Amino acid sequence: MVKWRGRRRSDNVEDRRGAAAGAGLGGLIILLLRFIVGRFGIRGIFILAVVGIGLYMAGVDPIALISGQQVAQSEDTTIDDETLEFVQVVTAETEVVWSQIFAEEGYIYEPPRVVMFSNNDRSACGAAMAQMGPFYCPLDKTVYFDPSFFDELARRFGAPGDFAAVYVIAHEVGHHVQTITGISAQVRNAQQRARGQGEANALQVRMELQADCYAGVFANRAERASDFLDEGDLEEGLRAASAIGDDTLSRQAGREIKQENFTHGSSEQRVRWFRQGFQTGDEDDCDTFNASTL
Ligand SMILES: [Zn+2]
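Quantities reported herein were computed from a predicted structural model and do not represent experimental measurements. (Residues numbered from 1 in each chain as written. Predicted model: local features only at pLDDT ≥ 70, side-chain atom pairs only at ≥ 80, totals over all residues. Heavy atoms only, no water.)

Re the coordination of the zinc ion
Reasoning step 1: Looking at the zinc ion, one finds its protein donor set to be His171 (NE2), His175 (NE2) and Glu208 (OE), positioned 1.9 to 2.1 Å from the metal centre.
Reasoning step 2: What makes His171 buried here is its relative accessible area of 4%.
Reasoning step 3: With a relative accessible area of 10%, His175 lands in the buried category. (Donors = N, O, S within 2.8 Å, 3.2 Å for Na, K, Ca; no water. Buried < 20%, exposed > 50% of the residue type's maximum accessible area, 1.4 Å probe, protein only.)

Looking at helix H9 (residues 233-243)
Reasoning step 1: Most of H9 sits inside the fold, with eight of its 11 residues counted as buried.
Reasoning step 2: Taken together, the buried positions of H9 are Asp233, Leu234, Glu236, Gly237, Leu238, Ala240, Ala241 and Ala243.
Reasoning step 3: Against the buried residues of H9 lie helix H5 (148-155), helix H6 (162-180), helix H10 (246-253) and helix H11 (267-280). (Helix = DSSP H or I, 4+ residues; strand = E, 2+ residues; numbered from the N terminus. Contact = heavy atoms within 4.5 Å.)

Structural notes on the packing of aromatic side chains
Reasoning step 1: Scanning all chains against the criterion turns up 10 aromatic pairs.
Reasoning step 2: Relative to Phe102, the ring of Trp98 has its centre 6.5 Å away and its plane inclined at 80°; by these criteria the two rings are edge-to-face. Taken together, the residues Trp98 and Phe102, both in helix H4 (residues 70-104) and four residues apart, mark about one turn of the helix. Like Phe102, Trp98 is buried.
Reasoning step 3: With 6.3 Å between their ring centres and 70° between their planes, Phe149 and Phe150 make a pair best called edge-to-face. Considered together, Phe149 and Phe150 belong to a single accessibility category, that of buried residues.
Reasoning step 4: By way of ring pairs, the aromatic residues Trp98, Phe102, Tyr109 and Tyr214 are connected into one cluster. (Phe/Tyr/Trp six-rings, centres within 6.5 Å; stacked < 30°, edge-to-face > 60°.)

Focus: the pattern of salt bridges
Reasoning step 1: Per the counting criterion, the structure on display carries 14 salt bridges.
Reasoning step 2: Of the charged contacts, one joins Glu199 and Arg195 as a salt bridge, the two residues approaching to 3.6 Å between their closest N and O atoms.
Reasoning step 3: Linking Asp212 and Arg270 is a salt bridge whose minimum nitrogen-to-oxygen distance equals 2.8 Å. Taken together, the residues span a long stretch of sequence, with Asp212 in helix H8 (residues 196-226) and Arg270 in helix H11 at a distance of 58 residues. Both residues of the pair, Asp212 and Arg270, count as buried.
Reasoning step 4: Where salt bridges share partners, they join Glu14, Arg16, Arg113 and Asp121 into one cluster. (Salt bridge = Lys/Arg side-chain N within 4 Å of Asp/Glu carboxyl O.)

Regarding H6
Reasoning step 1: With 19 residues, H6 ought to run about 27 Å at 1.5 Å a step, and its terminal C-alpha atoms sit 27 Å apart, in line with that.
Reasoning step 2: Two residues or fewer after H6 comes Gly182, characterised by a positive phi angle close to 90°. (Expected span 1.5 Å × (residues − 1).)

Describing the packing of H5 against H6
Reasoning step 1: Packing of H5 against H6 leaves a shortest axis separation of 10 Å and a crossing angle of 125°. It follows from the interaxial angle that H5 and H6 lie oblique. Crossing handedness for the pair H5 and H6: right-handed. In this structure, H5 uses Phe149, Phe150 and Leu153 to contact H6, whose residues at the interface are Ala164, Ala165, Val168 and Ile169.
Reasoning step 2: Its residues placed into classes, the contact of H5 with H6 shows seven nonpolar, no polar and no charged. (Axes fitted to C-alpha atoms, helices over the stretch in contact; angles between N-to-C directions. Parallel < 35°, antiparallel > 145°, perpendicular 65-115°, else oblique. Left-handed = near helix turned anticlockwise from the far one by under 90°. Nonpolar A, V, L, I, M, F, W, Y, C, P; charged D, E, K, R; others polar.)

A short note on the nonpolar core
Reasoning step 1: By size, the foremost hydrophobic cluster in this structure holds 62 residues, and its most contacted members are Trp98, Leu153 and Phe228.
Reasoning step 2: A total of 11 residues in this core trace back to one element, the largest contributor, which is H8.
Reasoning step 3: Beyond its immediate sequence surroundings of up to four residues, Phe228 is in contact with Val2, Lys3, Trp4, Arg7, Val89, Val90, Glu93, Val166, Phe218, Ala222 and Glu223. (Core = buried A, V, L, I, M, F, W, Y, C linked by side-chain atoms within 4.5 Å.)

Quick look at the pairing of strand E2 (residues 113-116)
Reasoning step 1: By the bridge criterion, three bridges tie strand E1 (residues 13-15) to E2 in an arrangement that is parallel. Bridge pairing in E2 links Glu14 to Val115.
Reasoning step 2: Sheet topology note: the E2/strand E6 (residues 142-145) ladder contains four bridges and is parallel. Paired with Arg113 across the bridge in E6 is Thr142. (Pairing = 2+ DSSP bridges.)

Structure below.
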């Protein structure tokens, strides 16, 4: 278990879970009122108000009656608060580590925003959907994810544990680092000059493996600076890195394993680069672009 409880929380995390459902309920009530006015005129609203007040005085919340969700929502709150605190603390730890690394080179680190959503949301890069998995949008410099992905990681991909979630967040923060250092832009330019999709994908793999290596650098530094990890955490991270390798995902989906279609690297490569970053804690050891073997 990562030692995250009671630590400093980041202000850069936005919890948008349940936002869409709330808007849906409001919209539903407006539609209902429009229907009643259209059908029965203003008198309809009057009757509805009388019925509503009657129910309220009898101890029934009419809104809860319409939505039918009030009770379930209040039960969820404790679990949700825990997820939020966990993500805020992990984000804060990444801010400390990357601020330190940037300061060593004489730069100031501007951290990303982190948005948690449920089911779907909007990013500057287009729709954010739970089934896309966590991603980083360079246009609004924000990490997006539906935390239900972490359950999926445990159940479907066989990579449980809170450090698996830390690894995923740290990987996306790694993409933020690549963006603000200009690496992402260089890769995109090179991809535009690439001959064919295979070559463009190969560049994408190097980019993803570097983000894995950065996640390892983060884990090393967070451990050294604030005793963040516990026994078994590294194994959880390595298992997660292995579980979401392109070859493993292809095999699970029953697809043919073709190296030229890889965009994130094989399980073995992802494990190797995460481990590389973790062993040295030096981001200079994450130069996947000039590595002869990945
Ligand atoms: Zn990635």
